Amino acid sequence: MGEFIERNKYLTLPRKYLQLSSQSYFDDLCPISSRSLRSLCVILMTTDSSSDLSQIASLRNFVHSRGANFKNERLRFAYVYVGKQKEFVMTFFDGLSPSERSPLQESGHGLLILWRYDQKKVRFAWLSNWSVEESVSENDLQFELDAYIKGVKKLEYQATLKPVLDEYRPSWFTRVSRAAVRMFEAMWFSLTKEEALPLLSAIGTLLIIFFIGYGLSYANALEEKSRSHVSQVC
């Protein structure tokens, strides 16, 4: 049962699990593979606009309806938001001719297939049987994918990968705060009772000195203000 789930997890998981939103997920989805045991990844480039949800839905429908045809192949599907992963996406425009690059950049959409043969090196091709405006035949898309799987069609382009950004990574302030809390907890639990009491005493003394100093400074400022007011009246 576990083997069955592992083999089919990228074909059947809910939509959010198909999104390339971190480097670790990309490494899991598109692992490095040799030429003899080549793993291929099909990635939809789209935007996070509500008007483009149909693109993701179309890919999901294709995976669900045709997934059985690929379950024995080393083929996985995903999508990526162009606006959130610009550096990663732009990698796949390098080497294209102006006539090939222009339609993809203008639409912000495209479907590509890639083989990752090194940590940062891939070979890829843009699939022709995928269009934003037109209804694409699932048979045509499956036929084209089969051609790449069997090696009839070649992955024409090569690229050096940029890292996939973690879209759900906590902010800098949150990470620093969590690290500070963890460090304090580690220090606190590592202290014995005999060590903790002097430390708390020292911290308490510093706080008392701080508040006394602040109080004296504030009182002095009020006194100076009062004297200035009296001199102005006189």
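Right above here is the structure, for reference.
Everything numeric in this text was worked out from a predicted model, so none of it was measured.

Within a sheet, each strand pairs with its neighbour through backbone hydrogen bonds, oriented either parallel or antiparallel. An order of β2-β1-β3-β4-β5 is seen for the five strands of this open sheet, with the pairing classed as mixed. Where the open sheet ends on each side, the last strands, each with one partner, are β2 (75-81) and β5 (157-160). Going across the sheet, the axis of each strand differs from the next one's by a mean of 35°, ignoring polarity. With respect to the sheet, helix α3 (residues 53-66) is in contact with β1 (40-46), β2 and β3 (110-116), its orientation differing from that of β2 by roughly 170°.

Between its terminal C-alpha atoms helix α6 (residues 138-149) stretches 16 Å, which fits the 16 Å expected from 12 residues at 1.5 Å a residue. Buried residues along α6 sit in contact with β1, α3, β2, β3 and β4 (121-126). After α6 finishes, the residue Gly-151 shows a positive phi value of roughly 85°.

The subject of this paragraph is the packing of aromatic side chains. Tallying each qualifying case throughout the model produces nine aromatic pairs. Taken together, a centroid distance of 5.5 Å and an interplanar angle of 65° make the contact between Tyr-79 and Tyr-81 edge-to-face. Taken together, a centroid distance of 5.3 Å and an interplanar angle of 45° make the contact between Trp-115 and Tyr-117 tilted. Here the aromatic residues Phe-26, Phe-88, Phe-92, Phe-124 and Tyr-157 are joined through ring pairs into a cluster of three or more.

For the rest of this paragraph, the subject is a nonpolar patch on the surface. A contiguous nonpolar patch, built from Leu-200, Ile-203, Leu-207, Phe-210, Phe-211, Tyr-214, Tyr-218 and Leu-222 and spanning about 880 Å² of accessible area, is present on the exposed surface. The topology assignment puts Tyr-218 in helix α8 (residues 193-233).

Turn by turn, an α-helix covers 3.6 residues, leaving residues three or four places apart pointing in a common direction. With 14 residues, α3 extends 20 Å from end C-alpha to end C-alpha; this agrees with the ideal 20 Å at 1.5 Å per step. All buried positions along α3 are accounted for by Gln-55, Ile-56, Leu-59, Phe-62, Val-63 and Arg-66. Taken end-on, α3 shows its buried residues confined to a sector of 125°, consistent with a single buried face.

Calculation rules
Residues numbered from 1 in each chain as written. Predicted model: local features only at pLDDT ≥ 70, side-chain atom pairs only at ≥ 80, totals over all residues. Heavy atoms only, no water. Pairing = 2+ DSSP bridges. Helix = DSSP H or I, 4+ residues; strand = E, 2+ residues; numbered from the N terminus. Axes fitted to C-alpha atoms, helices over the stretch in contact; angles between N-to-C directions. Contact = heavy atoms within 4.5 Å. Expected span 1.5 Å × (residues − 1). Phe/Tyr/Trp six-rings, centres within 6.5 Å; stacked < 30°, edge-to-face > 60°. Patch = residues over 30% accessible without salt bridge, like charges linked within 9 Å, V, L, I, M, F, W, Y side chains within 5 Å. Areas by Shrake-Rupley, 256 points an atom, 1.4 Å probe, with all protein chains shown as cover. Salt bridge = Lys/Arg side-chain N within 4 Å of Asp/Glu carboxyl O. Buried < 20%, exposed > 50% of the residue type's maximum accessible area, 1.4 Å probe, protein only. Arc of directions from axis to C-beta.

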